[in-house]
Amino acid sequence: MSIHVMKKVVVGLSGGVDSSVAAATLHHQGYEVVGLTLWLMKGKGQCCSEGMVDAAFICEQLGIPHHIVDSREVFQANIVDYLVSGYESGITPLPCSQCNKTVKFGPMLAYARETLGIDKIATGHYARIRYDAKSDRYQLLRAVDSNKDQSYFLYDLSQELLAASIFPLGELEKTQTRQLAAEYQLKTAAKPESQDLCLVESHGSMRTFLDQYISQTTGDIVDTNGKVLGQHQGIHHYTIGQRKGLGIAAPEPLYVVAIDAGANRVIVGDRASATQPDCTVGRVNWISIHPPTTPIQASVQVRYRSHPVDVTVIPLDGNRMKLIFDQPQFSITPGQAAVLYDGEMLLGGGIIERNQDAV
Ligand SMILES: Nc1ncnc2c1ncn2[C@@H]1O[C@H](COP(=O)(O)OP(=O)(O)OP(=O)(O)O)[C@@H](O)[C@H]1O
């Protein structure tokens, strides 16, 4: 007699079409699925409450249980406070990879294991996971749909989290996801794509969000020689490489090249002065490979949508690395993630550090 043990999985449901299809796909594959929605945002939580209702509807449609976990404190401490202190210190923090690690995957797996006795979690992220027996590691790969690929935001996950995760949409084109949603007649089938960071979508702009927390303190906008060219309303309104909205009339286009929080100054210069041959990166996480001890060649994305460029990676002590670009790069932004790839495999990544020469 064979005993059929049903595989169990907890699916993170945002109320969007991707996670709905992830849950429905696993359900149709025979998994015992539990839906889990994290309640993330305080105050302006309209998108969260709508999301919770839509997620509940999907669970009812699929006939699966739905759990909601109040994660507002975790989100506030790990994302809102992280963003506010980062912008106050003159960097442009990346919230999504931090959110995935500390708010979503980590706590979701803990909840799945401790409360539900389930060892697997799934999300609607577009990325793939492969086990490599030779290195005994789980590797993170780009999604098949290169336009939707979200691997960049997942570079900071651990081996333990990767081993426990399933990305049912990694092999699909977005159009196929929509088709599946229609086939399964999911309520979320026609829901529009989210266009931006959840905080930006809920508040209209990052500026509106930050202005709730950071008071506007006027300061100088200066050129690279320290000459005052204008005034700003708060350094948190600026990011490296920014050209628009500086309010300065100049014969040549000017870009933000550095933000000096100590002196409350924004430093602007021509395109060449916002271009760097190298940078250093901290809090490095090697995800798919063992940490290298000698220099390696890779390609790097310095922003989510930036084109990968070739780079030499020099490992440094203390979870840091130096990146030497084959071609100097424009607008390398402290606080954003530098994520390394070898073809479709994501090797690792970390947070771009401040360029000490620029301030
Ligand atoms: N509040 C949440 N609770 C639980 N899981 C979540 C939540 N928000 C996002 N997720 C999970 O993370 C995945 C990626 O989230 P992201 O915010 O990038 O949404 P998305 O790509 O627009 O997907 P979706 O269409 O499912 O909203 C989602 O597919 C979902 O599995």
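Residues numbered from 1 in each chain as written. Predicted model: local features only at pLDDT ≥ 70, side-chain atom pairs only at ≥ 80, totals over all residues.

Asks: I would appreciate a short explanation of the sheet that holds strand 4 (residues 121-122) in the present structure.
Replies: Sheet strands pair by backbone hydrogen bonding; their relative direction is either parallel or antiparallel. Sheet architecture is open: five strands sit in the order 3-2-1-4-7, paired in parallel fashion. Because the sheet does not close on itself, it has two edges, and the strands there are strand 3 (66-70) and strand 7 (165-166). Relative to strand 4, strand 1 (residues 8-12) runs parallel, the two being bridged by two bridges. Its bridge partner being in strand 4, V11 is matched across the sheet by A122. (Pairing = 2+ DSSP bridges. Helix = DSSP H or I, 4+ residues; strand = E, 2+ residues; numbered from the N terminus.)

Asks: How should I be thinking about the nonpolar core in this particular structure?
Replies: When a protein is soluble and globular, its nonpolar side chains tend to lie buried together. Counting 81 residues, the largest nonpolar core has V9, V10, V11, A23, I121 and V339 as the members making the most contacts within it. At six residues, helix 1 (residues 17-28) tops the list of elements feeding residues into this core. Aside from chain neighbours lying at most four places away, what touches V339 is Y152, Y155, V300, Q301, L346 and G349. Ranked by size, the runner-up nonpolar core spans 14 residues in total, among them F75, L83, Y87 and L210. (Core = buried A, V, L, I, M, F, W, Y, C linked by C-beta atoms within 7 Å. Buried ≥ 20, exposed ≤ 12 C-beta atoms within 10 Å, placed from the backbone. Contact = placed C-beta atoms within 7 Å.)

Asks: Would you mind going over the UniProt feature "active site" (unreviewed entry) in the protein chain with me for this structure?
Replies: Mapped onto this numbering, the UniProt entry annotates "active site" (unreviewed entry) at C99 and C198. For this annotated set, covering 100 residues, all C-alpha atoms fall within 10.9 Å of each other, a compact arrangement in space. Taking the C-beta count within 10 Å as the criterion, C99 has 22 such neighbours and is therefore assigned buried. Each residue touching C99, except ones within four places of it in the same chain, is listed here: I79 and K104. Take C198: it is sitting in helix 7 (residues 198-203). Since 19 C-beta atoms lie within 10 Å of it, C198 is described here as partly exposed. (UniProt positions renumbered as here; feature names shortened; annotations may be inferred.)

Asks: Quick question: what am I supposed to make of the environment of L83 here?
Replies: Structurally, L83 is set in helix 3 (residues 72-88). Take L83: there are 24 C-beta atoms within 10 Å of it, and that puts it in the buried class. The spacing of L83 and L94 is 11 residues in sequence and 7.8 Å in space, taken between C-alpha atoms. Setting aside residues up to four positions removed in sequence, L83 forms contacts with P93 and P95.

Asks: Looking at this structure, I do not really get the UniProt feature "binding site: ATP" (unreviewed entry) in the protein chain. What am I missing?
Replies: On the UniProt side, "binding site: ATP" (unreviewed entry) is annotated at positions that read G12, L13, S14, G15, G16, V17, D18, S19, L38 and G124 here. Setting aside residues no more than four positions away along its own chain, V17 makes contact with T177, R178, A181, T188, A189 and K191. Turning to its location among the elements, L38 is positioned in strand 2 (residues 32-39). Those residues within four positions of L38 in sequence are excluded, and the remaining contacts are V69, S71, V103 and K104.

Asks: So what exactly am I meant to see when it comes to the site of the ligand here?
Replies: Near the ligand you find 18 residues, and of these G12, G16, S19, T123 and G124 are the closest. Mapped by element, the contributors of at least two residues to the shell around the ligand are helix 1 and strand 2. Among the elements that make up the shell around the ligand, the one with the highest residue count is helix 1 (four residues). Classifying every residue of the shell around the ligand gives seven nonpolar, nine polar and two charged. (Near = placed C-beta within 6 Å. Nonpolar A, V, L, I, M, F, W, Y, C, P; charged D, E, K, R; others polar.)

Asks: Which parts of the structure should I look at to understand the packing of helix 1 against helix 6 (residues 174-183)?
Replies: Two numbers describe a pair of packed helices, the interaxial angle and the distance between the axes. In contact at an axis separation of 10 Å, helix 1 and helix 6 are set at 65 degrees when each is read in the N-to-C sense. With respect to the hand of their crossing, helix 1 and helix 6 are arranged in left-handed fashion. Within the contact between the two elements, helix 1 uses V17, D18, S20, V21 and T25 and helix 6 uses T177, R178, L180 and A181. Among the residues making up the contact of helix 1 with helix 6, the classes are represented as four nonpolar, three polar and two charged. (Axes fitted to C-alpha atoms, helices over the stretch in contact; angles between N-to-C directions. Left-handed = near helix turned anticlockwise from the far one by under 90°.)

Asks: When you look at helix 1 in this model, what are you seeing that I'm missing?
Replies: For an α-helix the count is 3.6 residues per turn, leaving residues at separations of three or four pointing the same way. Its 12 residues give helix 1 an end-to-end C-alpha distance of 16 Å, which sits within 8% of 16 Å, the value for a rise of 1.5 Å per residue. Within helix 1, 11 of the 12 residues are buried, leaving the element largely enclosed by the surrounding structure. Of the positions making up helix 1, those classed as buried are V17, D18, S19, S20, V21, A22, A23, A24, T25, L26 and H27. The positive-phi residue at the C-terminal boundary of helix 1 is G30, with phi of around 100 degrees. (Expected span 1.5 Å × (residues − 1).)

Asks: I tried to follow the domain arrangement of the protein chain on my own but got confused; where do I start?
Replies: For an interface, size is often stated in terms of accessible area lost upon the parts coming together. Partitioning the protein chain into structural domains gives domain 1 (8-203), domain 2 (216-269) and domain 3 (274-352). In this assembly, five residues from domain 1 lie in contact with seven residues from domain 2. Classifying every residue of the side of domain 1 that touches domain 2 by side-chain character gives one nonpolar, three polar and one charged. (Domains from an automatic or database assignment.)

Asks: It is not clear to me how unusual backbone geometry should be interpreted in this structure. Could you clarify?
Replies: For residues besides glycine, phi is generally negative; the peptide bonds are generally trans as well. A positive phi angle, near 55 degrees, is found at Q185, a position not held by glycine. When you line up the elements, Q185 lands in the loop between helix 6 and helix 7.

Asks: Is there a simple way to think about the environment of G16 in this case?
Replies: Its place among the elements puts G16 in the loop between strand 1 and helix 1. Separated by 88 residues in the primary sequence, G16 and K104 place their C-alpha atoms 15 Å from one another. Apart from residues no more than four positions distant in its own chain, G16 is found in contact with G124, T188, K191 and S194.

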